[in-house]
Amino acid sequence: MTVTLRIVVIIVSVLTTAMILRKIRNARLQIEDSIFWIGFCAMLILFSLFPGLPDLLSRLAGTYTTANFIYLAVIFLLIVKLFHMTLKLSELETKLKTLVQEMALEDNRRRREEEAQAAMGQPETEGKQGGDAQSARM
Amino acid sequence: MREGIQELLIVIPAYNEAENIERVVNRLITDFPQYDYLVVNDGSSDQTAEICRRNNYNFLDLPVNLGLAGGFQAGLKYAARCGYRYAAQFDGDGQHRPEYLAAMQARMEEGYDIVIGSRFVGQKKPRSMRMLGSNLIESAIRLTTGVRIKDPTSGMRMFNRMMIEEFAGGLNYGPEPDTVSYLIRRRGARVAEVPVVMDERLLGKSYLTPLNAARYMIKMLVSICLIQSFRKRR
């Protein structure tokens, strides 16, 4: 690796880390979600500061060149991360679906209750409850 | 939950069906008072919700669009909570005829778990691209379950109490042929078909463009042949 490239890589890694840390500071990211990215940044900085490290790992893994090893490792990491994100998205959609369904069921139940009350013709005793339901729906 | 509840609940998923919903529901109310019905307005962007409110229909108003699976599931959650014995899936666009529900229910009483209103029980399928799709799904279900369903894509299905609970509680229970194949394979559901006639859709446009149809076919075939075999029994 040439000296220029090393400097560029170090600068890019540090900038990326700074950006991610700032987002965490501004509470834009949950801690659990930021752990992966902190680890990823640490790896970038480590590799750029000590190029001997990826060389060693590459030799251990048996890859042809260090560049190949880095590509392989990063792509693999990202694929795993992407899969986890799909998983989370799926969970999120399920939760949203459940919430929307519960809202609609509750709305229907309240409407029918009001109807039943109106049909029975006793608005004095149940008037307060009806008022609550009205305001809750707003 | 409700007084004087009938045995069968007709669930009518409606997404932007303002032009059809009144005709469909009024027909049910006037001519078929022996059934309860529930419109599920799936976050329509047109007047569907206003029409339901104005006519005082029994309806669920989903605040956002969940798609057919989510909307139908909401309807079956309602059926499960109100304690209905049977629930029927019924189109909001008027292509299903309610007069066949009685025959379907009679078949249900014989001990089936799912009864499908089938266009092709008595007669041969016409030759068209759509029927090619139908045949492919039929073969896929036959291959994986050994059960022959002549009209797997029919949207007119009836479910019993056990199936209602399944649909209400589970994830990945779209009202589609792949779910039927799953229920046969993993839940031992017994399926029967009853011959019905369906009308062409009168107003509004169908979502079934050639591209959507192709996408649907691929999803169904992959789901029936591959994914459903990985699913665990709950």
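Everything quoted here is computed from the prediction, not taken from an experiment.

Draft legend 1. Broad picture of the pairing of strand E1 (residues 8–14) of chain B. Residues and elements named next belong to chain B. In terms of burial, E1 is a largely internal element, 7 of the 7 residues being buried. Where E1 lies against strand E4 (residues 86–89), 4 bridges are found, and the strand directions are parallel. By the bridge assignment for E4, leucine 9 is matched with alanine 87. Across 6 bridges, E1 lies against strand E2 (residues 36–42) in parallel orientation. Following the sheet pairing, proline 13 is matched in E2 by valine 40. Taking the sense of rotation as the criterion, the β-α-β connection linking E1, helix H1 (residues 21–31) and E2 turns out right-handed.

Draft legend 2. Structural view of the interface of chain A and chain B. Contact with chain A, which involves 15 residues of that partner, is made by 21 residues of chain B. Between chain A and chain B the total buried area reaches about 1500 Å² when both faces are included, carbon and sulfur atoms providing 58% of it. Looking at the side of chain A facing chain B, the largest losses of area belong to Gln101(A), Leu105(A) and Arg112(A), adding up to 36% of the total buried there. At the boundary of chain A with chain B, the tally comes to 1 salt bridge. Here Glu102(A) and Arg81(B) are joined by a salt bridge, their closest N and O atoms 2.8 Å apart. Taken together, the connections running from chain A to chain B amount to 8 residue pairs in polar contact (both at pLDDT 80 or more). Along the lines of polarity and charge, the residues of the side of chain A that touches chain B split into 4 nonpolar, 4 polar and 7 charged.

Draft legend 3. The arrangement of the environment of Lys232(B) in detail. Inspection of the secondary structure assignment puts Lys232(B) in the segment after helix H8 (210–225). Each C-alpha atom, one on Lys232(B) and one on Ile5(B), is 34 Å from the other, the two residues being 227 residues apart in sequence.

Draft legend 4. Quick peek at the sheet that holds strand E5 (residues 114–118) of chain B. Residues and elements named next belong to chain B. On the basis of which strands lie adjacent, the open sheet formed by 7 strands has the order E3-E2-E1-E4-E6-E5-E7 and mixed pairing. Among the strands making up the open sheet, the edge pair consists of strand E3 (59–62) and strand E7 (191–195). Averaged over all adjacent pairs, the angle separating strand axes in this sheet is 20°, with direction ignored. Two elements, E2 and E3, share 4 bridges in a ladder whose sense is parallel. From the neighbouring strand, aspartate 42 faces E3, where its bridge partner is leucine 62. Running at roughly 35° to strand E6 (residues 157–160), helix H4 (residues 101–109) makes contact with E1, E4, E5, E6 and E7 of the sheet.

Draft legend 5. Structural view of the packing of aromatic side chains. Taken as a whole and judged by the stated rule, the model has 10 aromatic pairs over all chains. Seen from their ring centres, Phe36(A) and Phe40(A) are 6.0 Å apart, and the 20° between their planes marks the pair as stacked. Placement of the pair is Phe36(A) and Phe40(A) together in helix H2 (residues 31–49), with a separation of 4 residues, close to one helical turn. On the numbers, 4.7 Å between centres and 55° between planes, the contact of Phe159(B) with Phe167(B) is tilted. With respect to burial, Phe159(B) and Phe167(B) carry one shared label: buried. Linked through ring pairs, Phe72(B), Phe159(B), Phe167(B), Tyr173(B) and Tyr182(B) together constitute an aromatic cluster. A cation over an aromatic ring shows up here: Arg190(B) above the ring of Tyr112(B), its NZ or CZ 4.6 Å from the ring centre.

Draft legend 6. Just the nonpolar core, in detail. All names here are of chain B. Core analysis: the largest hydrophobic core is formed by 41 residues, its most contacted members being Leu60, Tyr78, Ile114 and Leu183. Among the elements that make up this core, the one with the highest residue count is helix H3 (residues 67–82) (7 residues). Among all residues touching isoleucine 114, those that are not within four sequence positions of it are Met108, Met158, Phe159, Met163, Val180, Leu183, Ala189, Arg190, Val191 and Ala192. Residues Tyr37, Tyr100, Ala192 and Val194 belong to the second largest nonpolar core, which totals 32 residues.

Draft legend 7. Seen up close, the pairing of E6(B). Residue and element names in this part refer to chain B. Residue alternation in E6 divides its side chains into two sets, Arg157 and Phe159 and Met158 and Asn160, and both sets are buried. Bridging between E4 and E6 involves 4 bridges; their strand directions are antiparallel. Opposite alanine 87, over in E6, you have phenylalanine 159 as the bridge partner. Where E5 lies against E6, 3 bridges are found, and the strand directions are antiparallel. Within the sheet, the bridge partner assigned to isoleucine 116 lies in E6 and is arginine 157.

Procedures and definitions
- Residues numbered from 1 in each chain as written.
- Chains lettered and ligands numbered in written order.
- Predicted model: local features only at pLDDT ≥ 70, side-chain atom pairs only at ≥ 80, totals over all residues.
- Heavy atoms only, no water.
- Buried < 20%, exposed > 50% of the residue type's maximum accessible area, 1.4 Å probe, protein only.
- Helix = DSSP H or I, 4+ residues; strand = E, 2+ residues; numbered from the N terminus.
- Pairing = 2+ DSSP bridges.
- Right-handed = clockwise from strand over helix to strand, strands pointing away.
- Contact = heavy atoms within 4.5 Å.
- Buried area = accessible area lost by both parts, 1.4 Å probe.
- Salt bridge = Lys/Arg side-chain N within 4 Å of Asp/Glu carboxyl O.
- Polar contact = N/O pair within 3.5 Å; in protein donor to acceptor, adjacent residues only side chain to side chain.
- Nonpolar A, V, L, I, M, F, W, Y, C, P; charged D, E, K, R; others polar.
- Axes fitted to C-alpha atoms, helices over the stretch in contact; angles between N-to-C directions.
- Phe/Tyr/Trp six-rings, centres within 6.5 Å; stacked < 30°, edge-to-face > 60°.
- Lys NZ or Arg CZ within 6 Å of the ring centre and 35° of its normal.
- Core = buried A, V, L, I, M, F, W, Y, C linked by side-chain atoms within 4.5 Å.

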